[in-house]
Amino acid sequence: MRSDILPRRIPKRYVIVLMVFLGYVNFYYLHTNLGMAVVHMTSSRKITYSNGTVQLIRPEHPWNSIQKALVISSFAYGRFFGPVGAVFAGRIGGATLYSVGILGAAVTTFCMPFCLHFSFYLFVLGSAISGLFESVAYASVSQIWSRWAPPDERAKVISLGGIGTFGGSVVSFLVSGWILHEWGWRVLFHVSGISMFVWFWIWIMVVKNDPSDDKRMSDAERTYIKDRINNQVRSKKLAYPWKNIVSCVPFWMGCLCKFGMGAGYTFTMMYLPQYIKDINDVDIKKIGYISLSPQICSLISMPLGGYVFDYIRSNRILRLTNIHKLFVCIGLLFGTLAFLVAGFWPNFVIGIICMCVFQFFGSCTVLDIKILVLDLAPRYAAFMNSVATSFYTASSILTPIAVGFIVTSHSQFQWSICFIILGILYPVIALMFLKFASAELQPWANYSPSECDQCEDADCTNKKTSSKMDDF
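The structure displayed is predicted, hence computed values, not measured ones.

Some remarks on the overall build of the protein
Line of reasoning, step 1. Looking only at helices and strands, the protein features 17 helices and two strands.
Line of reasoning, step 2. Going through the 472 residues of the protein one by one, you find that 60% of them count as buried.
Line of reasoning, step 3. Sequence-distant contacts in the protein: of pairs separated by 6 or more residues, those separated by 24 or more amount to 84%.
Line of reasoning, step 4. Carbon and sulfur atoms provide 66% of the accessible area of the protein, an area that totals close to 19100 Å².

Okay, structure coming up:
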């Protein structure tokens, strides 16, 4: 970035990147905590006293595999409402809706231990409601980026904010094992709720819906963002072209990729602690430390992938569509290799290494789909990304159910079956994406001259002619 454009201060859009990152940390800290809490609540454990006496503590909640699958998948149920939240994000503003999601998730998370005191199904309902508020916030992020992220910086901005999903998992695996060991699972949910409530107050004070609403940023940066985005999303109220969105094949290819990555990431995030417990019966704190290694790999690879994506794009080394195909196939094909090796080489250490490989390269696919919707239709990116996330959600629900039916005796052979199924799924998705994917700006997603004449922005550069993104 040239110093004459943004002098002597941190650009406000990167402050927002930090805020989104920390918001994701809170959400995925909660998400991962659920998997860790289930392990603690349903497993027997040993307590060694100072005099050498060892006491065996029976599970507080002896749930069967189907009940555990129901709890683990419950967080994903509410995510199907993400598209509804995205429509509201396009009307009331992404930052406003994000704050609603944070506050709602904070309250429901704090109350979840009380829910379980009354009923198992009330606990599941509370988790689903938390997921609903999380999906509302998640759906609004694309709306935020559509107004704050210039096209040549999209991959970098999205990747830096998006690594909070893995940062939350890292924090959870580092801290939750210790909290569970010292104070139990109830305190784990209370800590999560309080943390999100504090973050809500910080968010509403710092983040605005649009650069024009932010009085604390520099005029130079405000002008820079407006010029680079070229008023593609300046309209305050969006009229959604439902028929065009439904018939957009490249968009559905992105949804298919989201479904596949959702299965893999749900497996590593929610079931890796259980896998470690079944194969190597270790202390809950050690389970957390071992489980964070794949998340650290994603934490490193996603910002690196964002930098590489922007470098290839800004230097026009490849056509934009080919960049997307490259990144998606890298993630899916390395995922195929990782899961098949873990399935056919039944070794605990090899399994952990393979999960690290999967998440390191799988971040390329996750990052790519977030950028894809902004390239296809930046005006409707929030809604389209939330629909794609619904596919991720579907796999987040189906994966625990499938694992619950397959892994009934906690044997290495049953876990290997799960690895192999995922290894077979990914090359099929990669071939379909290569065949049908595209990243060109869709004609129906651009402004028409008549729309620009009605634009509320007096400085709109599209008053006479509609804008088009460059074709790389």
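Describing the nonpolar core
Line of reasoning, step 1. Within the largest apolar cluster, 124 residues are counted, with the highest numbers of intra-cluster contacts made by Trp 145, Trp 203, Phe 251, Phe 267 and Met 384.
Line of reasoning, step 2. When residues in this core are grouped by element, the largest group, 15 residues, is from helix 14 (residues 348-376).
Line of reasoning, step 3. Discounting chain neighbours no more than four positions away, the residues touching Met 384 are Ile 245, Phe 251, Val 373, Leu 376, Ala 377 and Trp 444.

Examining the packing of helix 1 (residues 12-42) against helix 5 (residues 120-148)
Line of reasoning, step 1. Contact geometry of helix 1 with helix 5 gives a least axis separation of 11 Å together with a crossing angle of 160°. Taken as axis vectors, helix 1 and helix 5 run roughly antiparallel relative to one another. Both helix 1 and helix 5 take part in a crossing whose hand is left-handed. Contacts between helix 1 and helix 5 involve Lys 12, Arg 13, Ile 16, Val 17, Val 20, Tyr 24, Phe 27, Tyr 28, Leu 30 and Leu 34 on the former and, on the latter, Phe 123, Ser 127, Ser 130, Glu 134, Ala 137, Tyr 138, Val 141, Ile 144, Trp 145 and Trp 148.
Line of reasoning, step 2. Here the residues of the contact of helix 1 with helix 5 are counted per class, giving 15 nonpolar, two polar and three charged.

Observations concerning a nonpolar patch on the surface
Line of reasoning, step 1. Among the surface-exposed residues, Phe 110, Phe 114, Ile 194, Phe 197, Val 198, Trp 201, Ile 202, Ile 204 and Met 205 lie close enough to one another that they form a single nonpolar patch of about 820 Å² accessible area.
Line of reasoning, step 2. Per-element tally for the nonpolar patch: the top contributor is helix 8 (residues 185-206), with seven residues.
Line of reasoning, step 3. Mapped onto the fold, Val 198 is located in helix 8.
Line of reasoning, step 4. The exposure class assigned to Val 198 is partly exposed, which follows from its relative accessible area of 45%.

Observations regarding the confidence of the model for the protein
Line of reasoning, step 1. For the protein, per-residue confidence averages 79 on the pLDDT scale, and 85% of positions sit at 70 or higher.
Line of reasoning, step 2. Taken element by element, the protein is modelled with least confidence in helix 17 (residues 449-453), mean pLDDT 46, and with most confidence in helix 13 (residues 320-344), mean pLDDT 92.
Line of reasoning, step 3. When the criterion is pLDDT under 50, residues 1-7 qualifies, and its contacts beyond four places in sequence or with other chains add up to twelve contacts.
Line of reasoning, step 4. Predicted confidence is poor over residues 448-472, with pLDDT under 50, and the contacts of this stretch with residues over four places away or in other chains come to 47 contacts.

Brief notes about the packing of helix 1 against helix 4 (residues 94-118)
Line of reasoning, step 1. Direction vectors running N to C along helix 1 and helix 4 enclose 15°, while the axes themselves pass 11 Å from each other. Looking at the two axes, helix 1 sits roughly parallel to helix 4. Crossing of helix 1 over helix 4 shows left-handed handedness. Residues Val 20, Gly 23, Tyr 24, Phe 27, Leu 30, Leu 34 and Met 41 of helix 1 form the contact with helix 4, whose participating residues are Tyr 98, Gly 101, Ile 102, Ala 105, Thr 109, Met 112 and Leu 116.
Line of reasoning, step 2. Partitioning the contact of helix 1 with helix 4 into residue classes produces eleven nonpolar, three polar and no charged.

Observations concerning unusual backbone geometry
Line of reasoning, step 1. Unusually for a residue other than glycine, Arg 316 sits at a positive phi of about 55°.
Line of reasoning, step 2. Along the chain, Arg 316 turns up in the loop between helix 12 (284-314) and helix 13.

Considerations on helix 4
Line of reasoning, step 1. For helix 4, with 25 residues, the first-to-last C-alpha span of 36 Å sits near the 36 Å given by 1.5 Å per residue.
Line of reasoning, step 2. The principal kink in helix 4, of about 45°, is found at Met 112, preceding the proline Pro 113 by one to four residues.

The rules behind the values
Residues numbered from 1 in each chain as written. Predicted model: local features only at pLDDT ≥ 70, side-chain atom pairs only at ≥ 80, totals over all residues. Heavy atoms only, no water. Helix = DSSP H or I, 4+ residues; strand = E, 2+ residues; numbered from the N terminus. Buried < 20%, exposed > 50% of the residue type's maximum accessible area, 1.4 Å probe, protein only. Contact = heavy atoms within 4.5 Å. Areas by Shrake-Rupley, 256 points an atom, 1.4 Å probe, with all protein chains shown as cover. Core = buried A, V, L, I, M, F, W, Y, C linked by side-chain atoms within 4.5 Å. Axes fitted to C-alpha atoms, helices over the stretch in contact; angles between N-to-C directions. Parallel < 35°, antiparallel > 145°, perpendicular 65-115°, else oblique. Left-handed = near helix turned anticlockwise from the far one by under 90°. Nonpolar A, V, L, I, M, F, W, Y, C, P; charged D, E, K, R; others polar. Patch = residues over 30% accessible without salt bridge, like charges linked within 9 Å, V, L, I, M, F, W, Y side chains within 5 Å. Salt bridge = Lys/Arg side-chain N within 4 Å of Asp/Glu carboxyl O. pLDDT = per-residue confidence, 0-100. Expected span 1.5 Å × (residues − 1). Bend = angle between axes of the 7 residues up to and from the residue.

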